[in-house]
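Results of the structural survey
Residues per chain are reported as follows:
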Amino acid sequence: MKFLILHKIQANRGKVIFFPIFLLFFLACQEEKQSQPEIIAKVGNSVLFETDLQTLARVYGIPLSDRKQIIEDWIDSEVYFQEAKKRGITNSSKFKVILHGSEKMLAKSILAKDYVQSQVFEITDSEIENYYNSHLDEFHYSQDVFVLTKLNFMQFETAIVFRNSAIQKNWEFAKKSYPNNIIWEKKIVAKSDLHLPQLQRTISLMKEEEISPIIDEQDSTFSIYKTEKIIPKGAQIPKENIADEIKIRVEIMKRARSLEQLRRDIYSKHQIENYEETK
């Protein structure tokens, strides 16, 4: 329901893969294996085996259907690594300091990820209710929204007969005469999600309980819409319409709290002295 919420949390994962340096070291000398599986790619003396590719896919959570991208990124990283090695970068103090720091950050990241994945976060109805009530100002419609009922017809003539019957008598009476037609019952639709410019204009001008003209859907069908309700931009979104979105938000909060608890537990196990803070 992207049209519903003004400030929606989004999370998108790209397909470009950046291999950390420790994996380059791990894969650099695979040609020395005793029992060699199928070779997928080579850069100089460095070899990428099928088993290595599967390991990379598993570690990064990438489907093997994206193997071409995995191979291309491995080659790209390996070429740059070998060139950096020739230029003495891997022996520089700068490289060694960054590599040492990267190892620690990587260990921290894996520890935290494994910990969170081991947790089960149950979201109760009361938690959803509490979050909704405490964030009411975030849940408003960002554009006009319509509650619509729609009927599809295969023939234009049939749509004409139905519309005349609905106007002369009523919508429900006419609908009972066409039980085999596709019925779209009371769907909440944002103006921007109305797929045809003609449909957007028509629905925007309609009043509640009004029946639309016949709309050519451009797929060999014809539709008639009825506006059950018009919800103006800025209106409060009912909790039941965004329960799934709230559930995601609450789970994110619980994950953050879980990680903070992990941090406190780990800190309590180690003797820490920060002399800078005593100055």
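Everything below is about the structure shown above.
It should be emphasised that the depicted structure is a prediction, and the values quoted were computed from it without experimental measurement.

If you look at the biggest cluster of nonpolar residues, it comprises 13 residues, and the most contacted ones within it are F139, I242 and I246. When residues of this core are traced back to their parent elements, those giving at least two are helix 5 (125-134), strand 3 (145-153) and helix 9 (243-268). In terms of residue count, the dominant contributor to this core is helix 5 (three residues). Dropping the residues within four chain positions of it, I246 is found in contact with I128, Y131, Y132, F139 and K239. In this structure, A159, I211, F222 and I224 belong to the second largest nonpolar core, which totals twelve residues.

Every other side chain in a regular strand lies on the same face of the sheet, so the side chains alternate between the two faces. As paired strands, strand 1 (residues 39-43) and strand 2 (residues 46-49) are joined by four bridges and run antiparallel to one another. Across the sheet, the residue bridging to K42 is V47, located in strand 2. As consecutive antiparallel partners, strand 1 and strand 2 are separated by two residues, and within that stretch G44 has a phi angle of approximately 65 degrees, a positive value.

Where charged atoms of side chains with opposite charge meet at close range, the side chains can pair. Under the defined criterion, the tally for this structure stands at twelve salt bridges. Here E251 ties to R255 by a salt bridge, and the two come within 3.0 Å at their closest N and O atoms. On the criterion of helical spacing, the pair formed by E251 and R255 is a turn pair, its members being four residues apart in helix 9. Residue class for R255 comes out partly exposed when judged on its relative accessible area of 30%.

On to helix 6 (residues 156-168), then. Taking 1.5 Å of rise per residue, the 13 residues of helix 6 would be expected to cover 18 Å, and the 18 Å separating its terminal C-alpha atoms lies within 8% of that figure. Every buried residue of helix 6 is listed here: A159, F162, S165 and A166. What you see down the axis of helix 6 is that its buried residues fit within an arc of 130 degrees, all on one side. Away from its buried face, by an angle of more than 90 degrees, helix 6 presents the exposed residues E157 and Q168. The inward-facing, buried residues of helix 6 contact strand 3, helix 7 (171-176) and strand 6 (222-231).

Contact geometry for helix 2 (residues 50-60) and helix 3 (residues 67-86): axes closest at 11 Å, N-to-C directions at 105 degrees. It follows that helix 2 is roughly perpendicular to helix 3 by the angle criterion. On the side of helix 2, the interface is formed by E50, L53, L56 and A57, while helix 3 contributes R67, I70, I71 and W74. Tallied by class, residues from the contact of helix 2 with helix 3 come to six nonpolar, no polar and two charged.

So, on to the pairing of strand 6. The buried fraction of strand 6 is high, at eight of ten residues. Both strand 5 (residues 215-216) and strand 6 contribute to a ladder of two bridges, which runs antiparallel. Paired with D216 across the bridge in strand 6 is F222. In this antiparallel pair of consecutive strands, strand 5 and strand 6, the connection spans five residues, and Q218 shows a positive phi of 65 degrees.

In the structure shown here, the tally under the stated rule is five aromatic pairs. Both rings, one in Y132 and one in F139, keep their centres 5.6 Å apart while their planes meet at 10 degrees; by these two values the pair is stacked. The two residues Y132 and F139 agree in class, both being buried. Centre to centre, the rings of F153 and F162 are 5.2 Å apart; their planes meet at 45 degrees, and the pair counts as tilted. Like F162, F153 is buried. A cation over an aromatic ring shows up here: R263 above the ring of Y267, its NZ or CZ 4.5 Å from the ring centre.

The rules behind each value
Sequence order as written defines the numbering, with residues in each chain counted from 1. Thresholds applied to this predicted model are a pLDDT of at least 70 for local features of residues and 80 or more for the giving and counting of side-chain atom pairs; totals over whole chains, interfaces and linings are not thresholded and use all residues. Note: side-chain values were computed over all heavy atoms of the structure, leaving out hydrogens and water. The term nonpolar core refers to a set of buried residues drawn from Ala, Val, Leu, Ile, Met, Phe, Trp, Tyr and Cys, joined through side-chain atoms within 4.5 Å. The classification of residues rests on relative accessible area computed with a 1.4 Å probe and restricted to protein chains. Under 20% of the type maximum is buried, over 50% is exposed, and intermediate values are partly exposed. Where helices and strands are cited, they refer to DSSP runs of H or I of at least four residues and of E of at least two residues respectively, numbered from the N terminus. Residue contacts are counted whenever heavy atoms from the two residues lie within 4.5 Å of one another. Two strands are counted as paired when DSSP detects at least two bridges linking them. Whenever a carboxyl oxygen of Asp or Glu lies within 4 Å of a side-chain nitrogen of Lys or Arg, that contact is scored as a salt bridge. Expected span of a helix, by definition, is 1.5 Å for each gap between consecutive residues, and there is one gap fewer than residues. What the arc describes is the spread of directions from the helix axis to the C-beta atoms. In this analysis, axes come from line fits to C-alpha atoms, helices being fitted only over the stretch in contact, and the angle between any two N-to-C directions falls in the range 0 to 180 degrees. Every angle not falling under 35 degrees, over 145, or within 65 to 115 is termed oblique; those three ranges are roughly parallel, roughly antiparallel and roughly perpendicular. Under the convention adopted here, Pro, Cys and the residues Ala, Val, Leu, Ile, Met, Phe, Trp and Tyr are nonpolar, Asp, Glu, Lys and Arg are charged, and Gly plus all remaining residues are polar. Whether two aromatic rings pair depends on their centres lying within 6.5 Å, for rings of Phe, Tyr and Trp, where Trp uses its six-membered ring; planes under 30 degrees apart make the pair stacked, over 60 edge-to-face, and the rest tilted. Charge-over-ring placement is defined geometrically: NZ (Lys) or CZ (Arg) within 6 Å of the ring centre, and within 35 degrees of the ring normal.

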